[in-house]
Amino acid sequence: MSYYVHPLGVCESTNVGAGTKIWAFAHVLPQATVGKDCNICDHTFIENDVLIEDRVTIKCGVQIWDGIRIESDVFIGPNVTFTNDLAPRSKKYPEKFLTTIVRKGASIGANATILPGIEIGENAMIGAGSVVTRSVPRNAIVVGNPAKITGYVDSFRHESANSKVKFQPGSQDFTSIVKGVSLHPIKTVSDMRGDLCVQEFEKEIPFKPLRYFMVFNVPSLEVRGEHAHRECHQYLMCVKGSCSVLVDDGVNKEEFKLTPGNFGLYMKPMVWGIQYKYSQDAILMVFASHHYSSEDYIREYGIFLESVSAEKRTRDDDTALSKHSL
């Protein structure tokens, strides 16, 4: 046997990968599939219709019910509770239990509760004690009851844009670590009559827009954006309240907090954008360089990463060809 079962553990399944350890008082039912190099800790129960891929850690006191799918390199903390039936009744079973998927690299903190039929995105982080009622996007950090997004993994965050973002002496803007993103300070004139802000198209705003839209009345737990554009340039300004913007070029991520009169955020095509943490009174205005076209949107993050890689390969090939021709 290429895997280890503690003398006080029970493993009825023979579909267990090499290097996996199943510890005391754990019970794995016959039809479950467990991958390689997993660590199944004490007092864990794994039902039949379960797929657990490689290098998964399941800490003590966790039950993995029918319909749960756990991809590779996932961490599940102590006493995490999975569910698979939205309307459970004693001795009454659905024809098929709902499927819950935990994508690779995700981590679920101790005592979190995961409702059925949702997806925890790749590399997401679920805070301890959270009650997750909806699917969690890739790389998102969620906490609370009900859980809401409070940040994104591996993003450099400017908690207070006015104090953290430093404009270079003599420069009109700030270049993000994210390729294709820059910040442009908004000129503000203040007197006893109030404040006036102004920017000019094709100067501070780097293009002439063909469209604008405003986003408002967004509940604080909601997330907007979550897409990239193939050709459209965008310029974002918060004209009331505040909201946070995460930008991502497929390599680097950076987060900025927008408030009225601080700066506008310019996004070139092929930048993944997410807006969240809206205040109750937030109004976000967005100028766009193109008319609306659904074909211009990339709404799946995996497709976005593939497109970024394809563009890089094309640039590398063009560079190599140019050098060769010289």
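In what follows, the accompanying structure is described. Everything numeric in this text was worked out from a predicted model, so none of it was measured.

**Notes on the side chain of Thr20**
Tracing the backbone shows Thr20 in the loop between strand E2 (10–11) and strand E3 (21–22). Given a relative accessible area of 1%, Thr20 falls into the buried group. A polar contact is formed between the side chain of Thr20 and the backbone nitrogen of Cys38, at a distance of 3.0 Å. With residues near it in sequence (within four places) discarded, Thr20 still touches Tyr3, Tyr4, Val34, Gly35, Lys36, Asp37, Cys38 and Ile40.

**Here we look at the sheet that holds strand E32 (residues 263–267)**
In spatial order, the strands read E23-E24-E32-E29-E34-E27; together these six strands make up an open sheet with antiparallel pairing. Of all strands in the sheet, those with a lone pairing partner are strand E23 (174–175) and strand E27 (211–216), marking the two edges. For strand E29 (residues 234–240) and strand E34 (residues 283–288), the ladder comprises six bridges, and the chain directions are antiparallel. Counterpart to Cys238 in the pairing with E34 is Leu284.

**Here we look at the nonpolar core**
Considering soluble globular proteins, one finds that nonpolar side chains tend to be buried as a cluster. Core analysis: the largest hydrophobic core is formed by 49 residues, its most contacted members being Ile52, Ile64, Ile70, Ile76, Phe82 and Ile120. Those elements giving two or more residues to this core turn out to be strand E11 (68–70), strand E20 (140–143), strand E21 (148–152), strand E33 (272–276) and helix H2 (301–325).

**Some details on empty space enclosed by the protein**
Applying the stated criterion across every chain, the model contains one cavity of 30 Å³ or more. What the largest cavity holds in volume is close to 30 Å³. Ala228, His229, Cys232, Gln234, Met267, Lys268, Pro269, Met270 and Val271 together form the lining of the largest cavity. When its residues are assigned to classes, the lining of the largest cavity shows six nonpolar, two polar and one charged.

**Quick look at the side chain of Ser307**
Among the secondary structure elements, Ser307 is positioned in helix H2. Exposure remark for Ser307: the relative accessible area of 15% places this residue in the buried category. Residues in contact with Ser307, not counting those within four places in the same chain, are Arg230, Met270 and Ile298.

**Remarks on the packing of aromatic side chains**
The geometry of an aromatic ring pair is captured by the separation of the ring centres together with the interplanar angle, meaning the angle of the planes. Here the structure, examined in full by the defined rule, presents 11 aromatic pairs. Each ring, one from Tyr152 and one from Tyr276, has its centre 5.3 Å from the other, and the planes form 85°; the classification is edge-to-face. With Tyr152 in strand E21 and Tyr276 in strand E33, this pair connects stretches of sequence that are 124 residues apart. The residues Tyr152 and Tyr276 share a single accessibility class, namely buried. With a centroid separation of 5.6 Å and 50° between ring planes, the pair formed by Tyr292 and Tyr297 is classed as tilted.

**Some thoughts on the sheet that holds E3**
Taking strand neighbours across the sheet as the criterion, the nine strands line up as E1-E3-E6-E9-E12-E15-E18-E20-E21 in an open arrangement whose pairing is mixed. On the outer flanks of this sheet lie strand E1 (4–5) and E21, each paired with one strand and no other. When strand E15 (residues 107–108) meets strand E18 (residues 125–126), the two strands line up parallel, connected through two bridges. The partner of Ser107 across the bridge, within E18, is Met125.

Rules used in this analysis
- Residues numbered from 1 in each chain as written.
- Predicted model: local features only at pLDDT ≥ 70, side-chain atom pairs only at ≥ 80, totals over all residues.
- Heavy atoms only, no water.
- Helix = DSSP H or I, 4+ residues; strand = E, 2+ residues; numbered from the N terminus.
- Buried < 20%, exposed > 50% of the residue type's maximum accessible area, 1.4 Å probe, protein only.
- Polar contact = N/O pair within 3.5 Å; in protein donor to acceptor, adjacent residues only side chain to side chain.
- Contact = heavy atoms within 4.5 Å.
- Pairing = 2+ DSSP bridges.
- Core = buried A, V, L, I, M, F, W, Y, C linked by side-chain atoms within 4.5 Å.
- 1 Å grid on protein atoms, 1.4 Å probe; cavity = no way out; pocket = protein on both sides within 12 Å on 5 of 7 lines; lining within 4 Å.
- Points joined across faces, edges and corners; volume = space filled by probe spheres on them.
- Nonpolar A, V, L, I, M, F, W, Y, C, P; charged D, E, K, R; others polar.
- Phe/Tyr/Trp six-rings, centres within 6.5 Å; stacked < 30°, edge-to-face > 60°.

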